[in-house]
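Summary of the model geometry
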Amino acid sequence: MKIMVRADASLTMGSGHIMRCLTLADRLKQQGHDITFICRKHDGHLADLIGQKGFAVQLLAKSETADFIKQHAHSEWLGASENDDFAECKPILQALKPDWLIIDHYAIGKNWEQQAKRLLPNLKILAIDDLADRTHDCEILLDQNFGRKNEDYQPLVPSHCQRLLGTRYTLLRDEFASWRAISLDRRKSVQPPNNILVNLGGVDNDNVTLKILQTLNTFVQHSTQAFNVTVVMGKTAPHIKSVQRFAKHASFACAVLVNVTNMAELMANADLAIGAAGSTTWERCCLGLPMVLIVLADNQQVIAKALADKNLVKVVTDIAVLDEQLPRLLSELTDNYKKFSRQSAKLVDGQGAKRVAHWIEFAQKFQHCQVRQATQADNQMIWQWRNHVDVRRWMFGQDEIALADHEKWYRKQLDHANVHLLIFEVAGEPMGLVNVTQMTVDKYQTLNAAKNTANDNSASWGFYLSPNSPKGQGLGFALGVLAIAQIFNTTDIGKITAQVLAYNTASLALHRKLGFSETGVLKQHFGVGEKVYDVVEFELKSQDFLF
């Protein structure tokens, strides 16, 4: 596929948007797709870096005026109105005719996106957002921030839009997944934590880095503990020299590194981090690096507060009292080091870019497929499906079911909070049923069993395509991906289990394709007529589902 990315970097907005788009572009390139960037030539743009990474870049001219109507909270970041920006991008889009457009820009929304779709009717759009403050016309919406919920975007995107929300979709470079196991293992024996990594993003316009070093300097002078500090700065940061000058005479060993290419390694070998509450937060989480966050922009407030409220990080709430807050917060991290490391590591597993890239490929092939909640109106249709011979022969209960018995069961399923009945649709036509039943604990279960069930947040699932569904089009896979994604993304279920009759080779293959692991075989467990068959048991954990 041809994929185009519209994103910017500047001294004002920093480098985060470009960096995470590069991460996704790298993954898509590995999967055989052709990527081109469109960027505006702001001060601090990263076109050279994009080119060094092997991607084509189309540069829009730097705007000389900010005299345009502001449609969004961050409209000035675009350097032009949405209409003017699109007009400049239009000939590029016409020439390259991309299949997908990835837009990561707080100043672009539905107006720009709709113009692109009118220009190229087959175009699909992935919008990357963090704010939920404007409408979009897109096939996929990605918001990788902690605590983000479906309802946040319910009124902002089309009903067919696939919403990828939360930290399981965090866009991290492959190096973080590679260093994750090493980093987490190392933290089990850190004592005491004294290697501090300071990184305030690629720009740090206000030179907060220097204020942090000054605070640490005072702290170290009154402490018996020795510290080693590593500062990482972007090559476009305007205050590099002042930080380097201070580092030479600091009361602690201090190295200042510029434009590094081994950030994951540096984080893995650090004990504590002091950094901006931007996208780098998720890199630290992936490596279980306990951190003090500094809020440098209004849009970082939500992330910092959400993480602090769950006691996953420490946050400096006011730069004006940095010298008072920072030493105390570092001490609190040190006192509960392993807990902060373990809890933050649970948020991000480093597979987000792979999941998002898989969704782009999935949506390209199965663009007309979706799942929805089953309703009472689906009752008789499901009964007819269930009793069809082509469905019954794969079931554990293979007798025909009377309508009255079905209706009694169906009402109970719809009313049960732990049951999720989903209808799979293709182009609006019902084509299958999914039943996910969350395991419950009752008063008669042993304490040990109850404990295991509560920790697993397990559910079992069953599904089937309708008897009249087209064959050989991969619809079973589409049903599985959409249904499992909805369950993992909208409930607290962390594991789905399944039992499959050993002669159902299509279902066995489908479970493996979806990422299920085989956990056992029940030998000679189920009889059909005069024959007895094995039953294969599977499970799929949320972290192993790569969608």
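In what follows, the structure referred to is the one given above.
Residues numbered from 1 in each chain as written. Predicted model: local features only at pLDDT ≥ 70, side-chain atom pairs only at ≥ 80, totals over all residues. Heavy atoms only, no water.

Remarks on the packing of aromatic side chains
Taken as a whole and assessed by the stated rule, the structure comprises 18 aromatic pairs. With a centroid separation of 5.0 Å and an interplanar angle of 40°, the aromatic rings of Phe 362 and Phe 366 are classed as tilted. For the ring pair Phe 396 and Phe 526, a centre distance of 5.2 Å and an interplane angle of 80° mean the geometry is edge-to-face. One end of the pair, Phe 396, is in the loop between helix 16 (389-392) and helix 17 (403-415); the other, Phe 526, is in strand 19 (residues 517-528), and 130 residues separate them in sequence. Here Phe 396 falls in the partly exposed class, since its relative accessible area comes to 35%. Following the ring pairs from residue to residue traces out a cluster consisting of Trp 359, Phe 362, Phe 366, Phe 477, Phe 488, Phe 545 and Phe 547. Its end group placed over the ring of Phe 55, Lys 29 keeps NZ or CZ at 5.2 Å from the ring centre. One Lys or Arg, Arg 168, reaches over the ring of Tyr 169 and ends 5.5 Å from the middle of that ring. (Phe/Tyr/Trp six-rings, centres within 6.5 Å; stacked < 30°, edge-to-face > 60°. Helix = DSSP H or I, 4+ residues; strand = E, 2+ residues; numbered from the N terminus. Buried < 20%, exposed > 50% of the residue type's maximum accessible area, 1.4 Å probe, protein only. Lys NZ or Arg CZ within 6 Å of the ring centre and 35° of its normal.)

Comments concerning the sheet that holds strand 16 (residues 429-438)
With respect to topology, seven strands assemble into an open sheet ordered 14-15-16-17-18-20-19, the strand pairing being mixed. Both outer strands of the open sheet, strand 14 (369-373) and strand 19, are each paired with one neighbouring strand and no more. Mean inter-strand twist for the sheet, computed between neighbouring axes without regard to direction, equals 30°. Examined bridge by bridge, strand 15 (residues 419-426) and strand 16 share eight bridges and lie antiparallel to one another. Paired with Ile 423 across the bridge in strand 16 is Leu 433. Packed onto the sheet, helix 15 (residues 379-387) meets strand 15, strand 16 and strand 17 (458-465) and runs at close to 85° relative to strand 16. (Pairing = 2+ DSSP bridges. Axes fitted to C-alpha atoms, helices over the stretch in contact; angles between N-to-C directions. Contact = heavy atoms within 4.5 Å.)

Some remarks on the nonpolar core
Within the largest apolar cluster, 67 residues are counted, with the highest numbers of intra-cluster contacts made by Phe 37, Leu 126 and Trp 359. Examining the composition of this core, we find that 11 residues originate from one element, helix 19 (residues 475-490), more than from any other. In this view, Trp 359 contacts Ile 140, Gln 162, Leu 164, Tyr 169, Val 481, Leu 482, Ala 485 and Phe 547; residues no more than four positions away in its chain are not counted. Formed by 35 residues, the second largest nonpolar core is a distinct cluster that contains Val 243, Phe 252, Val 256 and Ile 274. (Core = buried A, V, L, I, M, F, W, Y, C linked by side-chain atoms within 4.5 Å.)

Details of the pattern of salt bridges
All chains considered together, the criterion is met by 29 salt bridges. Across the salt bridge formed by Glu 400 and Arg 392, the nearest N and O atoms sit 4.0 Å from each other. By sharing partners, the salt bridges in this structure join Arg 6, Asp 8, Arg 40, Asp 85 and Glu 88 into a single network. (Salt bridge = Lys/Arg side-chain N within 4 Å of Asp/Glu carboxyl O.)

Regarding empty space enclosed by the protein
Following the criterion strictly, the structure yields one cavity of 30 Å³ or more and no others. Classifying every residue of the lining of the largest cavity gives five nonpolar, four polar and one charged. (1 Å grid on protein atoms, 1.4 Å probe; cavity = no way out; pocket = protein on both sides within 12 Å on 5 of 7 lines; lining within 4 Å. Points joined across faces, edges and corners; volume = space filled by probe spheres on them. Nonpolar A, V, L, I, M, F, W, Y, C, P; charged D, E, K, R; others polar.)

Looking at the state of the cysteines
Counted according to the given criterion, the structure contains zero disulfides. Cys 89 takes part in no disulfide bond, and the closest cysteine sulfur to it belongs to Cys 39, at a distance of 9.7 Å. Judged by relative accessible area, Cys 89 falls into the buried class, the value being 0%. Here Cys 161 is not disulfide-linked; the sulfur of Cys 138 is the nearest cysteine sulfur, at 3.8 Å. On the basis of relative accessible area, Cys 161 is assigned to the buried category, the value being 6%. (Disulfide = S-S within 2.5 Å.)

Quick word on the side chain of Ser 10
When you line up the elements, Ser 10 lands in the loop between strand 1 (2-7) and helix 1 (16-30). One polar contact links the side chain of Ser 10 to the main-chain amide nitrogen of Met 13, over a distance of 3.0 Å. The contacts of Ser 10, once residues within four sequence positions are left out, are His 42, Asp 43, Gly 44 and Val 203. (Polar contact = N/O pair within 3.5 Å; in protein donor to acceptor, adjacent residues only side chain to side chain.)

Considering the sheet that holds strand 12 (residues 291-294)
Read from one edge of the open sheet, six strands run 10-9-8-11-12-13, paired in parallel fashion. Where the open sheet ends on each side, the last strands, each with one partner, are strand 10 (253-258) and strand 13 (314-316). Geometrically, the sheet is characterised by an average inter-axis angle of 20° between neighbouring strands, direction not taken into account. In this sheet, strand 13 lies alongside strand 12 in parallel orientation, the contact comprising three bridges.

Concerning the packing of helix 7 (residues 208-221) against helix 8 (residues 240-248)
Two numbers describe how helix 7 lies on helix 8: the axes approach to 9 Å, and their chain directions differ by 15°. In terms of their interaxial angle, helix 7 and helix 8 are classed as roughly parallel. Remark: the crossing between helix 7 and helix 8 carries left-handed chirality. When helix 7 is examined against helix 8, the residues Thr 209, Leu 210, Leu 213, Gln 214 and Asn 217 are found in contact with a partner set consisting of Ser 242, Val 243 and Phe 246. (Parallel < 35°, antiparallel > 145°, perpendicular 65-115°, else oblique. Left-handed = near helix turned anticlockwise from the far one by under 90°.)

Considering the pairing of strand 18 (residues 495-501)
Within strand 18, six of the seven residues are buried, leaving the element largely enclosed by the surrounding structure. The sheet contact formed by strand 17 and strand 18 spans three bridges and is parallel. Residue Ser 460 lies in a different strand from strand 18, and its bridge partner there is Thr 497. A crossover connection joins strand 17 to the parallel strand 18 through helix 19; in handedness this β-α-β unit is right-handed. Looking at chain direction, strand 18 and strand 20 (residues 531-541) are connected through seven bridges and run antiparallel. When the sheet's bridge partners are listed, Gln 499 is paired in strand 20 with Glu 537. (Right-handed = clockwise from strand over helix to strand, strands pointing away.)

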